[in-house]
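# Notes for the structure review
Listed here are the chains, written in short residue letters.
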Amino acid sequence: MRYQSVQVFGFTFLMAFCIGLVSAPSLYGQESTNQKFSQEDKFRQLEEILPTPNRERAASGAPGSDYWQQKVDYEIDIRLNDETQELFGKEVITYKNNSKDRLSYLWLQLDANIHRSNSDANLTTTTDNIAGLGFGSLKTMLAKEVFDGGFHITRCEDASTKKKLKHTIVKTMMRVDLPQLLEPGQTFQFQVDWNYEINNSRILRGRSGCEFFEEDGNYIYEVAQWFPRLCAYTDATGWQHKQFLGRGEFTLEMGDYVVRITAPNDHVVASTGTLLNPEQVLTELQMERLEQAKSTRQPLFIITPEEAKKNESSKPDGTKTWIFKADQVRDFAFASSRKFIWDAMQHNVGDYPVMAMSFYPNEGEPLWSKYSTHAIIHTLEVYSRYTFDYPYPVAISVNGPVGGMEYPMICFNGPRPEKDGTYSASTKYGLISVIIHEVGHNYFPMIVNTDERQWTWMDEGLNTFLQYLSEQEWEEGYPSRRGEPRDIVGYMRSPNQVPIMTNSESILQFGPNGYSKPATALNVLRETVLGRELFDYAFKEYAKRWKFKRPMPADFFRTMEDASGIDLDWFWRGWFYSNDHVDLAITEVRQLNINTKNPVLEKKIRRAKRDGIPESNSEALNKDLVKRANRYPELKDFYNSYDALDVTPEERRSYDSFMKSLTDEERKLIGMKRNFYLITIENVGGLVMPVIIDAEFEDGTKQHVRIPAEIWRKDNLKVTKLLMTKKPIKSLVLDPRLETADVELENNYFPRRIMKSRFDVYKSSRWGGGGNPMKTDLNRKKSGKKPAKVGQVSEESKKSAAGKAGGKKSDEKKPVAKKPAARKPATKKPVAKKPAAKKPVAKKGKSNE
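We now turn to the structure provided with this report. (Residues numbered from 1 in each chain as written. Predicted model: local features only at pLDDT ≥ 70, side-chain atom pairs only at ≥ 80, totals over all residues. Heavy atoms only, no water.)

## Let's talk about the sheet that holds strand β19 (residues 334–337)
With antiparallel pairing, four strands are arranged side by side in an open sheet as β9-β10-β19-β15. A strand with exactly one partner marks an edge of an open sheet, and here the two such strands are β9 (209–213) and β15 (268–271). Here the strands of the sheet are splayed against their neighbours by 10° on average, with no regard to which way each runs. Pairing of β9 with strand β10 (residues 218–223), which is carried by five bridges, proceeds in the antiparallel orientation. (Pairing = 2+ DSSP bridges. Helix = DSSP H or I, 4+ residues; strand = E, 2+ residues; numbered from the N terminus. Axes fitted to C-alpha atoms, helices over the stretch in contact; angles between N-to-C directions.)

## Quick look at the pairing of strand β14 (residues 255–264)
Extensive coverage of β14 is indicated by the burial of seven of its 10 residues. Inspection of the sheet shows strand β2 (residues 71–81) paired to β14 by six bridges, in the parallel sense. The residue bridging aspartate 77 from the neighbouring strand is arginine 260, located in β14. (Buried < 20%, exposed > 50% of the residue type's maximum accessible area, 1.4 Å probe, protein only.)

## Things to note about the layout of surface pockets
Of the volumes computed, that of the largest pocket is approximately 1600 Å³. Along its surface, the largest pocket is lined by 45 residues, and Ala121, Asn122, Thr125, Lys144 and Leu245 are the ones closest to its centre. Counting only elements with at least two residues in the lining of the largest pocket, the list comes to α3 (120–123), α4 (135–146) and β8 (187–197). For the lining of the largest pocket, the per-class residue count stands at 15 nonpolar, 19 polar and 11 charged. (1 Å grid on protein atoms, 1.4 Å probe; cavity = no way out; pocket = protein on both sides within 12 Å on 5 of 7 lines; lining within 4 Å. Points joined across faces, edges and corners; volume = space filled by probe spheres on them. Nonpolar A, V, L, I, M, F, W, Y, C, P; charged D, E, K, R; others polar.)

## Regarding the nonpolar core
Core analysis: the biggest nonpolar cluster contains 193 residues, and Trp226, Phe556 and Trp575 have the highest contact counts within it. In this structure, phenylalanine 556 is in contact with Trp457, Met458, Leu462, Leu522, Phe539, Tyr542 and Trp572, ignoring residues within four places of it in sequence. Grouped together as the second largest cluster of nonpolar side chains are 10 residues, Leu592, Tyr655, Phe658 and Phe676 included. (Core = buried A, V, L, I, M, F, W, Y, C linked by side-chain atoms within 4.5 Å. Contact = heavy atoms within 4.5 Å.)

## Looking at unusual backbone geometry
The linkage connecting glutamate 365 with the following residue, proline 366, adopts the cis geometry, with an omega of 5°. With respect to the helices and strands, proline 366 occurs in the loop between β21 (352–360) and α8 (367–386). The peptide bond linking phenylalanine 444 to proline 445 adopts the cis configuration, its omega dihedral lying at 20°. Positive phi, normally seen in glycine, also occurs at phenylalanine 548, with a value near 65°. Structurally, the position occupied by phenylalanine 548 is in the loop between α14 (532–545) and α15 (553–564). Look at leucine 738: it is not a glycine, yet its phi comes out positive at around 55°. Here leucine 738 is to be found in the loop between β30 (729–734) and β31 (749–750).

## Observations regarding the sheet that holds β2
Judged by pairing direction, the sheet is mixed, and its seven strands sit side by side in the order β5-β8-β3-β2-β14-β18-β16 without closing on themselves. Where the open sheet ends on each side, the last strands, each with one partner, are β5 (152–158) and β16 (274–275). The sheet contact formed by β16 and strand β18 (residues 319–329) spans two bridges and is antiparallel. What sits directly across from leucine 275, in β18, is phenylalanine 324.

## Description of the environment of isoleucine 323
Along the chain, isoleucine 323 falls in strand β18. In this structure the C-alpha to C-alpha distance between isoleucine 323 and valine 269, which are 54 residues apart in sequence, comes to 10.0 Å. Apart from residues lying up to four places away in sequence, isoleucine 323 is in contact with Val258, Val259, Arg260, Thr274, Leu275, Leu276 and Asn277.

## As for the environment of tyrosine 95
Along the chain, the position of tyrosine 95 falls in strand β3 (residues 86–96). Since its relative accessible area comes to 0%, tyrosine 95 is described here as buried. Between the C-alpha atom of tyrosine 95 and that of tyrosine 74, which follows or precedes it by 21 residues, the distance is 9.0 Å. Those residues in contact with tyrosine 95 that sit more than four places away from it in its chain are Gln70, Lys71, Val72, Leu103, Leu106, Leu182, Gln186, Thr187, Phe188, Leu230, Tyr233 and Trp239. A polar side-chain atom of tyrosine 95 sits 3.0 Å from a polar atom in the side chain of glutamine 70. (Polar contact = N/O pair within 3.5 Å; in protein donor to acceptor, adjacent residues only side chain to side chain.)

## Overview of a nonpolar patch on the surface
Taken together, Ile130, Leu133, Leu138, Met141 and Leu142 make up a surface patch of nonpolar side chains, about 450 Å² in accessible area. Within the secondary structure layout, leucine 133 lies in the loop between α3 and α4. According to the relative accessible area criterion, leucine 133 is partly exposed, its value standing at 39%. (Patch = residues over 30% accessible without salt bridge, like charges linked within 9 Å, V, L, I, M, F, W, Y side chains within 5 Å. Areas by Shrake-Rupley, 256 points an atom, 1.4 Å probe, with all protein chains shown as cover. Salt bridge = Lys/Arg side-chain N within 4 Å of Asp/Glu carboxyl O.)

## A closer look at the packing of helix α9 (residues 425–440) against helix α11 (residues 457–472)
Relative orientation and spacing of two packed helices are given, respectively, by the angle between their axes and the distance between those axes. Closest axis-to-axis distance for the α9/α11 pair is 9 Å, and the angle between their directions is 130°. With respect to each other, α9 and α11 are oriented oblique. Crossing geometry of α9 relative to α11 is assigned as right-handed. Judged by residue contacts, Ser433, Ile436, His437 and Gly440 of α9 engage Glu460, Asn463, Thr464, Gln467, Ser470 and Glu471 from α11. Looking at the contact of α9 with α11 residue by residue, the classes come out as one nonpolar, seven polar and two charged. (Parallel < 35°, antiparallel > 145°, perpendicular 65-115°, else oblique. Left-handed = near helix turned anticlockwise from the far one by under 90°.)

Below, the structure written as structure tokens:
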């Protein structure tokens, strides 16, 4: 440390100095001088960036007095052809114009058109290098050239007059021209018929598709974005009809649905909504089990693994039509297969009963029955506490070809164990986390109906933040990948990024930008800036205000400030509108102590400082030189024996006189045993944040200091903070709990410390770690070797888990039945051989999450 003693030559200055150490900015801030002439103003308000409040959207961030949104109801009939993997559908759409505008046309989304070979998504895909290309990637490239993807619209007509409506398909959108202007408050009803081929998710990835199981010849269908859907028409953007390119998801209108799904009569269908005709599609035993599931403490099998295995070898002799009804939802999805195991358990959210259910093949066991439904219920418990009670009657998790995707009341999740039933820690936690994430999407954006096509972070970021909170309530030491500030530092220092406030299709590093960074920002806002109580109140207020409504970014920013009472413009500006990162550094520490004016004490301090100056190299070498004054003593005089640090009688009398002139209070102040430290901190990364310091004293005790981010409001490059202590400081550290995502920890310490790490010594062959310890243990037992100790998953295995997992346990043993002869795929496209009775079109589609 650098030490400085402040000399005080008179009482008046001494008192001013003592007071100045505590409060006078002139000592350490120069408040009267504007130092920001060459700086960006990190605390500049967002008024010129955010849209002007109006009667639709209030300045508080709440819906305005004239807020409106359109309502769209659907009645749909759909037929699934299990032989050709095609959908045939017709829908009657009822559109209610709640806006103040007169509409001459309506826009619909045709999302499946993304699979056409000439779609913008395919044409604009770039490739840097194909020096190495996997067979799977090559098959995908070839399949895109020939796959007959996309909607075939066979009818578009006025539902009342049956007259054809002129319609124009524009890539992934369709404009329907109205026969006359649709006035505010009016309703228009029309019918659309269509069909399309379902993509094979193993070859053509997506958020929807089917998966073919060669060993038993069956399919799992996860069907989404499957019907022409109305685009949103809003007060903020008008028609939201940005083309679907794959990443920017969906912006939809709320409405009521009645959907009739016709499938082979040995299929089980899981769907958005409530099943209206269970007696026509379920067995008596299945209905009895569903009734029992309302009162069990563990998930109950509705279809057991043995029953599902038996169903795999069945052959349909007809079809069944499953009828579902869903109110106040923005979308609709379903899954269908004869392979499904089905378990369920009722859970009450507040006073509202919710049936949590999971559908999965035997290939998902034993992982899915153990974790899936439990993960659903856990999500509903935690999310409802931070937002609002889950309002829907069911919540479903389905295992199939899609790695992770969400829809109202139903989600698709991909992780499975290995064929022998073992699984890695990564698979386990991958399953729990993806279920939490996708079920959590019911809150954001299915109920809080954000514009995903424009702003990925408004649903993915908020949802990932709540996912982190839910994971931390699952078990001790849960290996969350997103949420902890220390886990985002690599991305934060990366030059290859854009601000969070970037359109979904223009984002670089999609996962870190849309998921990790906003989730981490909210965690920092909760834990470090606002505190849990203020944050939780404001966040819940936002969720309640915009439940079943459509908020925009400004509504979130304004509500969080409005409900917390804290100006957060600096926070939104730094975390959401810039690429700045956090890197605060302690660059200087100066210790100051009050000059007591006591010559005995002060000269003793000065003498110790003088005597502590190291001997220079020249001084050491010059010791042996013969000095002339020693050869000629007559050259010595008074100054050869004089020491300016000796206390003289005059100094003692002067001190005594000075002390007598002081009052008792003044004498107490001048003798005060305090240490004054001027700590200089520089903002290297540009992102202003609260300054958090741990000071360790020489006796080993510590003091924790938290300073709001507003310390940077006058100079966001460098600040000096006065710290007064009763004990001398040994060392200082910034951000000791790693709560601000500071990217460089070396400069957080004063004095600097040696940064320790390790390196490997290895031969040319290197072995990786992680893997599947459960499988290793199983093989060890089979070989007769001593098994590993049974216990919790090791912390190392948890940390190696790059994902998450969840579910329920069964007391029934899974039958080891012979697999039935596979139904050979009868090829329909040059992509793969056509199955005799079916054709593989399933794609292992993982969402961009």
